[in-house]
Number of protein chains: 2
Amino acid sequence: MGDTGTEPLTPPAVEHAKLVSGAVVWFTGLSGAGKSTVAKIVYQELKKHGYRTELLDADAVRKSLTRDLGFSRSEREENIRRIGFVAELLSRHGVIVLVAAITPYRSMREELRSQIPRFIEIFIDAPLEVCERRDPKGLYRKARAGQLAQFTGIDDPYESPLRPDLHCFTDKETVDESVAKTMTHIAEALLT
Amino acid sequence: MGDTGTEPLTPPAVEHAKLVSGAVVWFTGLSGAGKSTVAKIVYQELKKHGYRTELLDADAVRKSLTRDLGFSRSEREENIRRIGFVAELLSRHGVIVLVAAITPYRSMREELRSQIPRFIEIFIDAPLEVCERRDPKGLYRKARAGQLAQFTGIDDPYESPLRPDLHCFTDKETVDESVAKTMTHIAEALLT
């Protein structure tokens with residue numbers, strides 16, 4: 001294209017517009033394992049350090065971007081695909097995107113890894129009985145009572161990561177310990 | 001939260017992570033009016049100037065984020081809502097997001113304006129007969145032949161913007177002229 005006759009874009013803005021490497025940090029694990037809890041604090045820490053960061057919590061996103069979707073296998077896959085699409089797009093613009101989503105199937109997570117350049121899989125792990133005892137949203141109780149079908153861990157599988165980039169054991173670690181491990185891991189990933 | 005024991009985040013990255021004001025530049029108009037043509041060149045120009053920018057073309061997005069949607073009124077609305085969600089999210093991180101989408105209903109565009117802090121509506125305008133003559137994708141021919149239902153301008157309405165932020169007349173202006181007007185408008189909007 002030729003000269004558009006415009007010279008409007010001021011240097012200061014351009015200076016700040018340089019790209020940093022974004023990343024997608026994907027917290028996977030059972031409901032009640034602590035994904036949102038850890039992700040929220042990591043989000044605040046990253047912001048405090050001046051990073052561009054975004055938290056996509058699957059529960060929240062189900063009120064907007066994926067509100068048409070239920071919990072069948074294909075709907076769960078579509079849910080993750082949409083969140084993955086948005087996360088990848090944001091990360092391309094230098095955002096450290098934190099995703100908190102059960103993401104129960106291994107194939108889903110492999111698909112994400114293959115499509116997102118800097119994908120960090122963090123397994124937020126607690127035994128089912130611990131998650132069920134915590135039951136922060138009363139969902140396990142409902143699932144056991146037959147009021148919720150296809151609930152991960154009850155009547156829908158959770159396929160544990162075989163080689164996650166980081167493994168947090170929230171039944172043995174404090175929240176602060178899981179957060180610290182995650183922050184260190186992200187920092188190391190950003191430096192490479 | 002207490003000290004996580006990490007001091008990992010290097011100053012250079014923080015320096016580049018400062019926010020600039022993003023914007024959502026929404027190109028509305030009939031199929032064949034030139035939305036994608038203008039948006040693509042604006043995208044390249046903005047990149048050339050060092051801006052973080054993203055182009056969301058509704059036709060392309062219908063292959064991923066909105067591939068489940070058809071062309072009924074409610075599906076068109078959902079299509080625009082999802083694109084709007086992603087555009088707003090990106091703009092919040094300093095990206096100038098260009099959206100090329102027919103967006104036929106006024107109420108949709110008003111909804112976007114009410115939800116996106118820096119929303120710029122650009123009406124890419126050409127008379128229906130001009131668009132139909134151009135028919136770059138052969139869609140008008142198909143619609144006239146009854147092979148495409150609910151085609152905007154034929155058997156589905158296009159509600160022209162009453163007060164767009166910018167009005168490009170692609171039947172009277174060259175592409176370069178429309179691009180130049182758009183660039184100037186974006187630049188002015190970014191300075192305010």
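A brief structural summary. (Residues numbered from 1 in each chain as written. Chains lettered and ligands numbered in written order. Predicted model: local features only at pLDDT ≥ 70, side-chain atom pairs only at ≥ 80, totals over all residues.)

### Let's talk about the overall build of chain A
Scanning chain A from terminus to terminus reveals eight helices and five strands. Reading the secondary structure of chain A in the N-to-C direction produces α-β-α-β-α-α-β-α-β-α-α-β-α. Within chain A, counting contacts between residues at least 6 apart in sequence, those at least 24 apart form 77% of the total. (Helix = DSSP H or I, 4+ residues; strand = E, 2+ residues; numbered from the N terminus. Contact = placed C-beta atoms within 7 Å.)

### Here's the deal with the sheet that holds strand E1 (residues 23–28) of chain A
All names here are of chain A. Across the sheet, five strands lie side by side as E2-E3-E1-E4-E5; this open sheet has parallel pairing. Bordering the open sheet on either side are strand E2 (53–57) and strand E5 (166–169), each of which pairs with just one other strand. Neighbouring strand axes in the sheet, compared pairwise and without regard to direction, differ in orientation by 20° on average. Pairing between E2 and strand E3 (residues 96–100): five bridges, direction parallel. Bridge pairing links Thr53 to Ile96 in E3. The strands touched by helix H5 (residues 106–115) are E1 and strand E4 (119–125); relative to E4, the strand with the most contacts, the crossing angle is about 150°. (Pairing = 2+ DSSP bridges. Axes fitted to C-alpha atoms, helices over the stretch in contact; angles between N-to-C directions.)

### Quick notes on the sheet that holds strand E2 (residues 53–57) of chain B
Residue and element names in this part refer to chain B. Pairing is parallel across the open sheet formed by five strands, whose spatial order is E2-E3-E1-E4-E5. The sheet is open, and its two edges are formed by E2 and strand E5 (166–169), each paired on a single side. Recorded for the sheet is a direction-independent mean angle of 20° between the axes of neighbouring strands. For strand E1 (residues 23–28) and strand E3 (residues 96–100), the ladder comprises five bridges, and the chain directions are parallel. The partner of Ala23 across the bridge, within E3, is Ile96.

### Considerations on the packing of helix H2 (residues 35–48) of chain A against helix H8 (residues 175–191) of chain A
Residues and elements named next belong to chain A. For the pair H2 and H8, the least separation of the axes is 9 Å and the interaxial angle reads 55°. Classified by the angle their axes make, H2 and H8 are oblique. When the axes of H2 and H8 are compared, the crossing they make is right-handed. Judged by residue contacts, Thr37, Val38, Ile41, Val42 and Glu45 of H2 engage Val175, Ser178, Val179, Thr182 and Met183 from H8. The residue makeup of the contact of H2 with H8, split by class, is six nonpolar, three polar and one charged. (Parallel < 35°, antiparallel > 145°, perpendicular 65-115°, else oblique. Left-handed = near helix turned anticlockwise from the far one by under 90°. Nonpolar A, V, L, I, M, F, W, Y, C, P; charged D, E, K, R; others polar.)

### Details of H5(A)
Residue and element names in this part refer to chain A. Looking only at H5, the buried set comprises Met108, Arg109 and Leu112. Taken end-on, H5 shows its buried residues confined to a sector of 95°, consistent with a single buried face. Set apart from the buried face of H5 by more than 90 degrees, the exposed residues are Ser107, Glu110 and Ser114. Close packing links the buried residues of H5 with E1, helix H4 (73–92) and E4. (Buried ≥ 20, exposed ≤ 12 C-beta atoms within 10 Å, placed from the backbone. Arc of directions from axis to C-beta.)

### Let's talk about the nonpolar core
Within the largest apolar cluster, 96 residues are counted, with the highest numbers of intra-cluster contacts made by A:Val25, A:Leu98, A:Val99, B:Val25, B:Leu98 and B:Val99. Setting aside residues up to four positions removed in sequence, A:Leu98 forms contacts with A:Val25, A:Phe27, A:Ala39, A:Val42, A:Tyr43, A:Thr53 and A:Leu55. (Core = buried A, V, L, I, M, F, W, Y, C linked by C-beta atoms within 7 Å.)

### Re unusual backbone geometry
Peptide bonds are trans in most cases, and residues, glycine excluded, mostly fall at negative phi. Residues and elements named next belong to chain B. Unlike most non-glycine residues, Thr103 shows phi in positive territory, near 50°. Here Thr103 shows up in the loop between E3 and helix H5 (106–115). Here Gln150, not a glycine, exhibits a phi torsion of approximately 55°, which is positive. As for its placement among the helices and strands, Gln150 is situated in the loop between helix H7 (139–144) and E5. A count of 14 C-beta atoms within 10 Å places Gln150 in the partly exposed class.

### A word on the environment of B:Ala33
All names here are of chain B. Following the sequence through the fold, Ala33 ends up in the loop between E1 and helix H2 (35–48). Take Ala33: there are 28 C-beta atoms within 10 Å of it, and that puts it in the buried class. The sequence separation of Ala33 and Ala126 amounts to 93 residues, and the corresponding C-alpha distance is 5.4 Å. In this structure Ala33 touches Ile124, Asp125, Ala126, Cys131 and Thr170, once residues within four positions along its chain are discounted.

### What about the environment of A:Gly29?
Residues and elements named next belong to chain A. Mapped onto the secondary structure, Gly29 falls in the loop between E1 and H2. Take Gly29: there are 28 C-beta atoms within 10 Å of it, and that puts it in the buried class. Those residues within four positions of Gly29 in sequence are excluded, and the remaining contacts are Lys35, Ile102, Phe123, Ile124 and Asp125.

### Things to note about H2(B)
Residue and element names in this part refer to chain B. Along its 14 residues, H2 runs 20 Å from first to last C-alpha, staying within 8% of the 20 Å computed at 1.5 Å per residue. Taken residue by residue, H2 has Lys35, Ser36, Val38, Ala39, Val42, Tyr43, Glu45 and Leu46 as its buried positions. Taken from the residues just after H2, Gly50 is the one with a positive phi, measuring 90°. (Expected span 1.5 Å × (residues − 1).)

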